[in-house]
Amino acid sequence: MATDTIQFEIQKTTQSRIAEVDFSNLVFGRSFSDHMLVSFYEDGQWGSNKIVPYGNLSLSPAIASLHYGQTIFEGMKAYKNSDGEVLLFRPFDNWKRFNLSAKRMCMPEVPEEVFIGGLRELLRLDSAWVPTGEGQSLYIRPYMFAADEYIGVKPSDTYYFIIFTCPVGNYYSKPVKVRVETEYIRAAEGGVGAAKCGGNYGGSLYPAKLAQLDGYDQLIWTDAKEHRFVEESGTMNVMFMIDGKLVTPAVSSSILDGVTRKSIIAVAEYWKIPVEQRKVTVDEVITAAKQGRLEAAFGAGTAAVVSPFSHIAHEGVDYELPELTPESFPVRVKEFLNDLRTGKTEDIFGWTLKV
Ligand SMILES: *Cc1c(COP(=O)(O)O)cnc(C)c1O
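These numbers were taken from a predicted model, which means no experiment stands behind them.

## What about the pairing of strand S5 (residues 76-80)?
Part 1 of the argument: For S5, a buried count of 4 out of 5 residues is recorded, marking the element as mostly surrounded by other parts of the structure.
Part 2 of the argument: The pairing of S5 with strand S6 (residues 86-89) spans 3 bridges and is antiparallel. In the strand pairing of S6, tyrosine 79 is matched with leucine 87.
Part 3 of the argument: The turn linking S5 back onto S6 is made up of 5 residues, and glycine 84 within it adopts a positive phi angle of 80°.

Laid out in C-alpha cells, this is it:
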C-alpha cells in the first residue's frame, strides 16, 4: 500500500512499562505507551524516520520553537473493536488539517507515508496499549516543532515530527458550566485560530483561569471585533440545539475545522435533523435560553467527543439548561459516534481505518 512505502527504523523497547499502568483508573494524558515515532526534517526532506522507546529528547536550549512558537499538533484516537482490531477514526482528516496548520505556520508538510504510514506502524507495535474499557481509547498526539539552533525570527530549516500515544479514559464526566467571554479573545480573523498551533492554547489559559476562579469550568469564546458572535468553547467547537435545529458557527479563519464537529453535522443530517452552519449571535443563544428554546448546548472535540453544558453564564447571569435524558441529541450522538468508532455499529460513513 502507498501508505507503507517508507521504511521506519524500529528500535523496540527491552522493558515494556505496560504492567505499571492501572488501566481501571486512567488519568487523561499521564500515561505514555512504550514507543514513539520520531522523524527529522533537514535539507528539504524528512530523511530520518524512526520508531524508538518513548523517552526524553536532547535538545539545544536555543531551538527556535521554544522562543517563537513555531509548533503545531494534532489530537486523534484509536479504539479496539470486539475482534481486538485497532481502528483509527478519520485519520486522513487529521493529516490534512496538520498540513494546513503547517502551511499557516510556515513549516514543511508531512507526507502521508510518514504521518499515516508511520502511525500505523507505531500502533501495530503498541496495540496492547489500546484500552477496551467503557469510554476508553488510545489518544494519539502527532506534533511538529522548529529545531534550528538559532536566535532570530525566521522559519526554521530543521523540524522534528513526533507521535506518541496515551491510553485514556473519559475526559469530562459531568455537564460543565460555561461563561461567555466578552473581554479576552482566543483568535481573530486573519490570525492563527484555524491552525492547531501551540500559542493558541498558551494564550487561552489566563482567561480560562479567571473563569475558573468564578466557578466556571470553561469559556465560550466570542469574535475579536464585537464579542457579538459565538466562536468556540475552550478547545472545542460549540453546538446548540435550538427549536429542534442543530446550530453551529460556520468555520472561518478564527475557528478550527473540527473533525468531531463535522462528524456530528453528518450524523445529524443523516438523522434528518435540520443543521445551520452560519454566524451565531450570543444574543440568539441567550434569548433561546431565556425562552426555554435552548434544548442543549455542548462542546465537540476529539478528547471529550461531546461535552454538554449545564449552565451558560452571560453578563453575570447564569442560565440553566434542561437536564439531559437518553433521548437528548448530545447523548445520542455521542453514543452513536462511540459505537461507530469501536466497530459496534456499522460504519456507514466509511470513517474508520483498520491498523
Ligand atoms: C482540536 C480543536 C477542536 C476540535 O477538533 P477535533 O478535530 O474535533 O478534535 C476544536 N477547537 C479547537 C480550538 C481545537 O484545538
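More follows now that the structure is in view.
## Points about the packing of helix H6 (residues 259-270) against helix H8 (residues 329-341)
In a pair of packed helices, the angle between the axes and the distance between the axes together describe the arrangement.
Part 1 of the argument: Where H6 contacts H8, the axes come no closer than 11 Å and their chain directions differ by 105°. Classed by the angle they form, the pair H6 and H8 counts as roughly perpendicular. Of the residues in H8, those in contact with Thr260, Ser263, Ile264, Val267 and Ala268 of H6 are Phe329, Val333, Phe336, Leu337 and Arg341.
Part 2 of the argument: Along the lines of polarity and charge, the residues of the contact of H6 with H8 split into 7 nonpolar, 2 polar and 1 charged.

## Points about helix H2 (residues 91-104)
Part 1 of the argument: Between the first and last C-alpha of H2 there are 20 Å, a value that for 14 residues agrees with the 20 Å anticipated at 1.5 Å per step.
Part 2 of the argument: Taken together, the buried positions of H2 are occupied by Pro91, Asn94, Trp95, Arg97, Phe98, Asn99, Ser101 and Ala102.

## Considering the state of the cysteines
Part 1 of the argument: Evaluated as defined, the whole model comprises 0 disulfides.
Part 2 of the argument: A disulfide-free cysteine, cysteine 106 has its sulfur positioned 13 Å from the sulfur of cysteine 197, the nearest such atom.
Part 3 of the argument: The exposure class of cysteine 106 is partly exposed, given its relative accessible area of 47%.

## Here's the deal with the pairing of strand S8 (residues 159-168)
Part 1 of the argument: Burial of S8 is extensive: 10 of the 10 residues sit out of reach of the surface.
Part 2 of the argument: Neither face of S8 is exposed, since Tyr159, Phe161, Ile163, Thr165 and Pro167 on one face and Tyr160, Ile162, Phe164, Cys166 and Val168 on the opposite face are all buried.
Part 3 of the argument: Two elements, strand S2 (residues 35-42) and S8, share 5 bridges in a ladder whose sense is antiparallel. Within S8, the residue paired with serine 39 across the bridge is phenylalanine 161.
Part 4 of the argument: Here 10 bridges tie strand S7 (residues 137-146) to S8, and the two strands are oriented antiparallel to one another.

## Here we look at the pattern of salt bridges
Part 1 of the argument: Here the structure, examined in full by the defined rule, presents 17 salt bridges.
Part 2 of the argument: Between arginine 97 and glutamate 74 there is a salt bridge, with the nearest N and O atoms lying 2.7 Å from each other. A residue pair is termed long-range when its members are at least 10 positions apart, and arginine 97 in helix H2 and glutamate 74 in the loop between strand S4 (71-73) and S5 qualify at 23 residues.
Part 3 of the argument: In this structure glutamate 74 comes out as buried when scored by relative accessible area, which is 0%.

## A closer look at the site of the ligand
Part 1 of the argument: Neighbouring the ligand are 15 residues; Lys196, Tyr201, Glu232, Thr260 and Thr302 lie closest to it.
Part 2 of the argument: Threonine 235 places a polar main-chain atom, nitrogen or oxygen, 3.4 Å from a nitrogen atom of the ligand.
Part 3 of the argument: Contacts to the ligand include valine 259, whose backbone N or O atom sits 2.7 Å from an oxygen atom.
Part 4 of the argument: When the free accessible area of the ligand is taken as 380 Å², the share hidden by the protein chains comes to 96%.
Part 5 of the argument: Residue assignment for the shell around the ligand shows that the elements contributing at least two residues are strand S12 (236-242), H6 and strand S15 (294-301).

## With respect to the packing of H2 against helix H3 (residues 112-125)
Part 1 of the argument: Look at H2 against H3: their axes get within 11 Å of each other, and the N-to-C directions meet at 145°. Relative to H3, the crossing made by H2 is right-handed. From H2, Pro91, Phe92, Asn94, Trp95 and Phe98 reach across to H3, where they touch Glu112, Phe115 and Ile116.
Part 2 of the argument: When grouped by side-chain class, the residues that make up the contact of H2 with H3 number 6 nonpolar, 1 polar and 1 charged.

## A short note on the packing of aromatic side chains
Part 1 of the argument: Counted by the stated rule, this structure contains 24 aromatic pairs.
Part 2 of the argument: Here phenylalanine 98 and phenylalanine 115 contribute two aromatic rings whose centre-to-centre distance is 5.5 Å and whose plane-to-plane angle is 50°, an arrangement assigned as tilted. You can see phenylalanine 98 sitting in helix H2 and its partner phenylalanine 115 sitting in helix H3, a full 17 residues away along the chain. Of the two residues, phenylalanine 98 and phenylalanine 115, neither departs from the other in class, the shared state being buried.
Part 3 of the argument: One aromatic cluster is present, formed by Phe32, Phe40, Tyr54, Tyr143, Phe145, Tyr160 and Phe164 through successive ring pairs.

Cut-offs applied
Residues numbered from 1 in each chain as written. Predicted model: local features only at pLDDT ≥ 70, side-chain atom pairs only at ≥ 80, totals over all residues. Heavy atoms only, no water. Buried < 20%, exposed > 50% of the residue type's maximum accessible area, 1.4 Å probe, protein only. Helix = DSSP H or I, 4+ residues; strand = E, 2+ residues; numbered from the N terminus. Pairing = 2+ DSSP bridges. Axes fitted to C-alpha atoms, helices over the stretch in contact; angles between N-to-C directions. Parallel < 35°, antiparallel > 145°, perpendicular 65-115°, else oblique. Contact = heavy atoms within 4.5 Å. Nonpolar A, V, L, I, M, F, W, Y, C, P; charged D, E, K, R; others polar. Expected span 1.5 Å × (residues − 1). Disulfide = S-S within 2.5 Å. Salt bridge = Lys/Arg side-chain N within 4 Å of Asp/Glu carboxyl O. Near = heavy atom within 4 Å. Polar contact = N/O pair within 3.5 Å; in protein donor to acceptor, adjacent residues only side chain to side chain. Areas by Shrake-Rupley, 256 points an atom, 1.4 Å probe, with all protein chains shown as cover. Left-handed = near helix turned anticlockwise from the far one by under 90°. Phe/Tyr/Trp six-rings, centres within 6.5 Å; stacked < 30°, edge-to-face > 60°.

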